[in-house]
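Coordinate inspection notes
For reference, the chains in residue letters:
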Amino acid sequence: MSLRTLPLLFINLGGEMLYILDQRLRAQNIPSDKAKKVMNDIISTMFNKKFMEELFKSQELYSKKALRTVFDRLAHASIMRLNQASMDKLYDLMTMAFKYQVLLCPRPKDILLVTFNHMDAVKEFIRDSPSILNQVDETFRQLIETYSCLPAGEFQLIRQTLLVFFQDLHIRVSIFLKDKVQNSNGRFVLPISGPVPWGTEIPGLIKMFNYDGEEVKRATFAASGSYTSVLTEGSFDLFGDRIIKLGTNMYSVSRPVETHMSGTLKSSAAHTKENAAPNPLAKEELNLLALLMGGLEIKKPTGTDPGFRLNLFCTDEEEDHAAAIRPPDLLDEVINIQVSKDQQQHEELARIMGEFHVQEQPRHSCSKGDDLLAMMDNL
C-alpha cells in the first residue's frame, strides 16, 4: 500500500464532485451569483492551506465511511443544502467516475495527469477569484513537487491502492451504461484497443537478442486490437497540454445522469456492510480524521444570503423514493473521542476539536454543517 495515495484520491474525487454540482446547478437554473458562491466556497474550503498540509502527510487511506464524512462536510461548506439521498447519489457518481479513470489509465503515472486535468478544471471554476486561485495554485505546486519525480514503481503502488479502495463499488451509472462501458452488474468494460502507454511500442512485434544485447531475429504476430502510438507525453507542469482526456468534464454536454442498484450491492449498503464488523482501529482513525478536518473552516451564512436545496435527482419524488429505499445503517454505536485524558499529549487535537463546536441551530436554518461529533453519530 502506498502512503502517498490520499491527496490524489481526495483531489480527484473533489474534482468530480465539482463537475457534478456545476451540472446540477445549471440544470436547476440556480442564479449565477449563487452558483458561483457555492463553487467558490467549496473550492476555498477544499484547498484550505491547513487542510492540505494534513492531507499531504504520509498516511494510510481512510475507510470509505471516514472519507465520505469529509465530503459530506465539504458539500455543505456553502449556502447549498443536499438531502441524504442526493448526497448518496453525488458520492456514488464521484467514486464510480474516478474508478473508471483509474482503470483506463494507460500507465500508472497517468493518474497524475488525471489529477492535473481536475486541477485545471478547478482553476477554471474560480478564475475570477484571485485569492482562491492562489490557494489552488499552491496545492498544484505541492502536487508537482511531491509526485513528479516519483519512480514508476511508486505510481504502480498508488494505482493498486486506489483499485483496492474501489474494488467493492459496482454502482451502475446511466452515462456509462448508455456508452456501453459498464455492464448491467456495474462492472466496467475495458477496451482492448486504443493508444498504448507513452514510451511503449504497438503490440505485434517480437524481438530476440543474443547475450551481447544484439538483435538477431524478429517475428510478428496479429494483435487482437487496434492500437495507436502516443507521440507526446502529457505535461506535468503547472500549465500545459495533458494529452489524455481522463479527468475532464464528462458532463459538459447536458446528459441526465442516474445511479442504479447493482445486483445486491448499493453504495450505501456497501458502506454499512463494511462497518458491520468492529474495527479495533476505529477510534484512532476518527482521531486522525478529526485532525484532517481541523482545516475545514466552515463559514456561517449571513441573514442576507439565504441558502437553497440542490436536488441531484430529476424530481423531488425521485429523491423521496431514493431516500425511502436507502438501507438503514446497521451500526448505531457512537465512538466517543476522549480528548480530556492525557491533556498534554492531546493538546493539539483538543484545540482542533474545540474549533468544531457550533451552537445548535434550528433544523430549518441554513447552517453550513454540523459539528464533528454530531457527524460521527452517523458512523
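Residues numbered from 1 in each chain as written. Predicted model: local features only at pLDDT ≥ 70, side-chain atom pairs only at ≥ 80, totals over all residues. Heavy atoms only, no water.

1. A short note on the nonpolar core
For soluble globular proteins, nonpolar side chains are generally found buried alongside one another. Among the nonpolar cores identified, the biggest contains 80 residues, and Leu9, Phe10, Met17, Phe71, Leu90 and Tyr147 are the most heavily contacted of them. Counting residues per element, this core draws most heavily on helix α1 (residues 6–27), at 12 residues. (Core = buried A, V, L, I, M, F, W, Y, C linked by side-chain atoms within 4.5 Å. Buried < 20%, exposed > 50% of the residue type's maximum accessible area, 1.4 Å probe, protein only. Helix = DSSP H or I, 4+ residues; strand = E, 2+ residues; numbered from the N terminus.)

2. Focus: helix α5 (residues 84–104)
In this model α5 runs 30 Å from its N-terminal to its C-terminal C-alpha over 21 residues, within 8% of the 30 Å that 1.5 Å per residue would give. Buried residues dominate α5, accounting for 18 of its 21 residues. (Expected span 1.5 Å × (residues − 1).)

3. Overview of the packing of α5 against helix α8 (residues 152–166)
Look at α5 against α8: their axes get within 10 Å of each other, and the N-to-C directions meet at 140°. The angle between α5 and α8 places the two elements in the oblique class. α5 and α8 meet at a crossing whose hand is left-handed. Contacts between α5 and α8 involve Thr95, Phe98, Lys99, Val102 and Leu103 from the former and Arg159, Leu162, Leu163 and Phe166 from the latter. Here the contact of α5 with α8 is built from residues that sort into 6 nonpolar, 1 polar and 2 charged. (Axes fitted to C-alpha atoms, helices over the stretch in contact; angles between N-to-C directions. Parallel < 35°, antiparallel > 145°, perpendicular 65-115°, else oblique. Left-handed = near helix turned anticlockwise from the far one by under 90°. Contact = heavy atoms within 4.5 Å. Nonpolar A, V, L, I, M, F, W, Y, C, P; charged D, E, K, R; others polar.)

4. Some details on unusual backbone geometry
A positive phi angle, close to 55°, is found at asparagine 29, a residue other than glycine. By the secondary structure assignment, asparagine 29 is in the loop between α1 and α2 (32–46).

5. What to know about the confidence of the model for the chain
Per-residue pLDDT for the chain has a mean of 78; in total, 68% of the residues score no lower than 70. Below a pLDDT of 50 lies the segment residues 330–346, which in the model reaches 19 contacts outside its immediate sequence neighbourhood of four places, other chains included. Contacts for the low-pLDDT stretch residues 355–377, under 50 throughout, to residues beyond four places or in other chains number 42 contacts. (pLDDT = per-residue confidence, 0-100.)

6. Details of the environment of glycine 186
Along the chain, glycine 186 turns up in the loop between α9 (174–178) and β3 (194–195). We classify glycine 186 as buried; its relative accessible area is 0%.

7. Things to note about the pattern of salt bridges
Counted by the stated rule, this structure contains 12 salt bridges. Between lysine 123 and aspartate 137 there is a salt bridge, with its nearest N and O atoms 3.1 Å apart. Residue lysine 123 is found in helix α6 (residues 110–125), and its partner aspartate 137 is found in helix α7 (residues 130–147); the two are separated by 14 residues along the sequence. Looking at aspartate 137, the relative accessible area reads 11%, which means it is buried. Connected through shared salt-bridge partners, Arg68, Asp72 and Asp88 make up one network. (Salt bridge = Lys/Arg side-chain N within 4 Å of Asp/Glu carboxyl O.)

8. Side note on the environment of asparagine 117
Looking at where asparagine 117 falls in the secondary structure, it is placed in helix α6. Accessibility expressed as a relative area gives 9% for asparagine 117, which makes it buried. C-alpha of asparagine 117 to C-alpha of threonine 248: the two residues are 131 residues apart in sequence and 5.8 Å apart in space. The residues touching asparagine 117, leaving out its near neighbours within four places in the chain, are Tyr19, Arg242, Ile244, Lys245, Leu246, Gly247 and Thr248.

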